[in-house]
Amino acid sequence: MRAFTVERYGDKAGVRVGEVRDPDVGTDDVLVRIQAASVNPLDRMIRDGKMKAILPYRVPFVLGNDLAGVVVEVGSAVTRFAVGDEVFARPDKDRIGTFAELIAVHQDDLAIKPVTLTMEEAASLPLVALTAWQVLVERARVQPGQKVLVHAGAGGLGTVAIQLAKQLGAHVATTTSTANVGLVKRLGADVVIDYKKQTFETMLADYDVVLDSLGGETLKKSLDVLRPGGQVISVAGPPDADTGRELGANPIIRLVMSALSFRIRRLARRRNVSYSFLFMRASGDQLRELTPLIEAGKIRPVVDTVFPFESVREALEYAGTGRAKAGKVVVKM
């Protein structure tokens, strides 16, 4: 099969499109012919070797973390899927490889594609939708009337998180550029901070939850908008020891993670709020919970640009250099 492989870390020249062997199909696996995949910041971080400490993929490996496609084979223990089903998924972190013609996915990580979406739209959702669900529903347990700040509201994660937070009954603020103010308002944001003209930390107060996808100074300033007992949950800040345990990292790596996040955790404690890092996990069950919201139009995908498979390298660069205007970049097989 054709696939986009990383043959050398940390170098754009170390990736190529070529032929690799078809994946093996285990008893609990579903073999999917991929129709579309989407680009995430995680893909560039993996390619550049920035995740090797916690995701030590051995080169060469196939890149890609989101998919939509059609089932072409099922393992002997598979009960939820049949040949011909249209599906979407974020494969488990140990079984990535969606920039390819085929992938074998464990049945627990897969869900039937929402009937209202195209393959390209469906491929744009799994990783960001699962991240939003795990932050807002699973960890923050957002309740009606609570105040939620979603940073980078026009990004792939932000566009979904705004919509999900509104469905949970939250009052939602977001940050975005001038060009995307109208978009995030249409997605449901109650308060929009144009970061080119305004500073969110001086305009917002008493928030219950901040979803941080930017890290750095934005993360530190986010602590100042929380009420006592509030929480900032980051997908871009320093990981903590709990993250290491969840990922099965060895004790030394967990100690390093704890040290990396010590300063922001200490700042949070001084303000009587909490900080935690989230590395999302695959879950077909959570995708199935999201599907009714998607099919009802309560959560709508935002797709910026669709690239052909032969242009995966260009898609990664386009998504990573800030040229994407809003939402996700998708690769079509």
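Residues numbered from 1 in each chain as written. Predicted model: local features only at pLDDT ≥ 70, side-chain atom pairs only at ≥ 80, totals over all residues. Heavy atoms only, no water.

Draft legend 1. Main features of the overall build of the chain. When helices and strands are counted, the chain shows 12 helices and 16 strands. Against the globule reference of 20 Å for 333 residues, the chain gives a C-alpha radius of gyration of 19 Å, in line with a compact fold. Here the C-alpha coordinates of the chain stretch approximately 55 × 45 × 40 Å along the principal axes. For the chain, the share of sequence-separated contacts (at least 6 apart) that also reach a separation of at least 24 residues comes to 68%. As displayed, the chain offers around 14100 Å² of accessible surface, 51% of which is attributable to carbon and sulfur atoms. Computed over 44 positive and 39 negative side-chain charges, the inter-centroid distance for the chain is 7 Å. (Helix = DSSP H or I, 4+ residues; strand = E, 2+ residues; numbered from the N terminus. Rg over C-alpha atoms; globule rule 2.2 N^0.38 Å. Contact = heavy atoms within 4.5 Å. Areas by Shrake-Rupley, 256 points an atom, 1.4 Å probe, with all protein chains shown as cover. Lys, Arg positive; Asp, Glu negative; His and termini not counted. Charge placed at Lys NZ, Arg CZ, Asp CG, Glu CD.)

Draft legend 2. Seen up close, the sheet that holds strand 10 (residues 171-176). Read from one edge to the other, the open sheet built from 6 strands follows the order 11-10-9-12-13-14, with strand pairing classed as parallel. A strand with exactly one partner marks an edge of an open sheet, and here the two such strands are strand 11 (191-194) and strand 14 (274-277). Taking the axes of each pair of neighbouring strands and ignoring which way they run, one obtains an average angle of 15 degrees across the sheet. Summarising the sheet, strand 9 (residues 147-150) and strand 12 (residues 207-212) pair through 3 bridges and their orientation is parallel. Along strand 12, the bridge assignment pairs L149 with V210. Relative to the sheet, helix 4 (residues 156-167) contacts strand 9, strand 10 and strand 12, its axis offset from that of strand 10 by approximately 165 degrees. (Pairing = 2+ DSSP bridges. Axes fitted to C-alpha atoms, helices over the stretch in contact; angles between N-to-C directions.)

Draft legend 3. Region of the structure containing the packing of helix 3 (residues 126-139) against helix 4. Running from amino to carboxyl end, helix 3 crosses helix 4 at an angle of 45 degrees, the nearest separation of the two axes being 9 Å. The angle between helix 3 and helix 4 places the two elements in the oblique class. Crossing geometry of helix 3 relative to helix 4 is assigned as right-handed. Across the interface between the two elements, V128, A129, T131, A132, W133, L136 and V137 from helix 3 touch G156, L157, V160, A161, L164 and A165 from helix 4. (Parallel < 35°, antiparallel > 145°, perpendicular 65-115°, else oblique. Left-handed = near helix turned anticlockwise from the far one by under 90°.)

Draft legend 4. Inspection of the nonpolar core at higher detail. Grouped together as the largest cluster of nonpolar side chains are 94 residues, with contacts concentrated most on I46 and F99. Take this core: its biggest share by element is 8 residues, from helix 3. Residues within four places of I46 in sequence aside, it is in contact with Y9, M51, L55, Y57, F61, L63, N65 and I96. Within the second largest apolar cluster, 12 residues are counted, among which are V71, V78, I103 and L110. (Core = buried A, V, L, I, M, F, W, Y, C linked by side-chain atoms within 4.5 Å. Buried < 20%, exposed > 50% of the residue type's maximum accessible area, 1.4 Å probe, protein only.)

Draft legend 5. Region of interest: the pattern of salt bridges. Scanning the model with the defined rule gives 20 salt bridges in all. Among the salt bridges present, the one from K166 reaches D190, with a minimum N-O distance of 2.9 Å. Of the two residues, K166 sits in helix 4 while D190 sits in the loop between helix 5 (181-187) and strand 11, which places them 24 residues apart along the sequence. The exposure class assigned to K166 is partly exposed, which follows from its relative accessible area of 28%. (Salt bridge = Lys/Arg side-chain N within 4 Å of Asp/Glu carboxyl O.)

Draft legend 6. Spatial organisation of the packing of helix 3 against helix 11 (residues 284-295). With their axes 10 Å apart at the nearest point, helix 3 and helix 11 run at an angle of 90 degrees to one another. Taken together, the axes of helix 3 and helix 11 lie roughly perpendicular to each other. The segment helix 3 lies against helix 11, with P126, A129, L130, W133, Q134 and E138 engaging Q286, L287, E289 and L290.

Draft legend 7. Highlighting the packing of aromatic side chains. Summed over all chains, the structure comprises 4 aromatic pairs. Grouping aromatic residues by their ring pairs yields a cluster made of Y9, Y57 and F61. (Phe/Tyr/Trp six-rings, centres within 6.5 Å; stacked < 30°, edge-to-face > 60°.)

Draft legend 8. The arrangement of the environment of E317 in detail. Tracing the backbone shows E317 in helix 12 (residues 312-320). On a C-alpha basis, the gap between E317 and L117 in space is 26 Å, while along the polypeptide they are 200 residues apart.

Draft legend 9. Spotlight on the sheet that holds strand 2 (residues 15-19). Pairing is antiparallel across the open sheet formed by 3 strands, whose spatial order is 2-1-4. Edge positions in the sheet fall to strand 2 and strand 4 (61-62), since each of these pairs with one other strand and no more. Where strand 1 (residues 2-6) and strand 4 come together, 2 bridges link them in antiparallel fashion. Paired with V6 across the two strands is F61, which belongs to strand 4.

Draft legend 10. Up close: unusual backbone geometry. A cis amide bond links V59 with the next residue in sequence, P60, at an omega value of -5 degrees. When you line up the elements, P60 lands in the loop between helix 1 (41-47) and strand 4. Positioned with a positive phi, R141 is a non-glycine residue whose angle comes to about 50 degrees. Following the sequence through the fold, R141 ends up in the loop between helix 3 and strand 9. The backbone phi angle of D206 is positive, close to 60 degrees, even though this residue is not glycine. By secondary structure assignment, the location of D206 is in the loop between helix 6 (200-203) and strand 12.

Draft legend 11. Molecular detail of helix 3. Along its length, helix 3 reaches its greatest deviation from straightness, about 25 degrees, at W133. Of all 14 residues in helix 3, 11 are buried; the element is thus mostly enclosed. Listed in full, the buried residues belonging to helix 3 are P126, L127, V128, A129, L130, T131, A132, W133, Q134, V135 and L136. Phi for R141, located one or two positions after helix 3, is positive at around 50 degrees. (Bend = angle between axes of the 7 residues up to and from the residue.)

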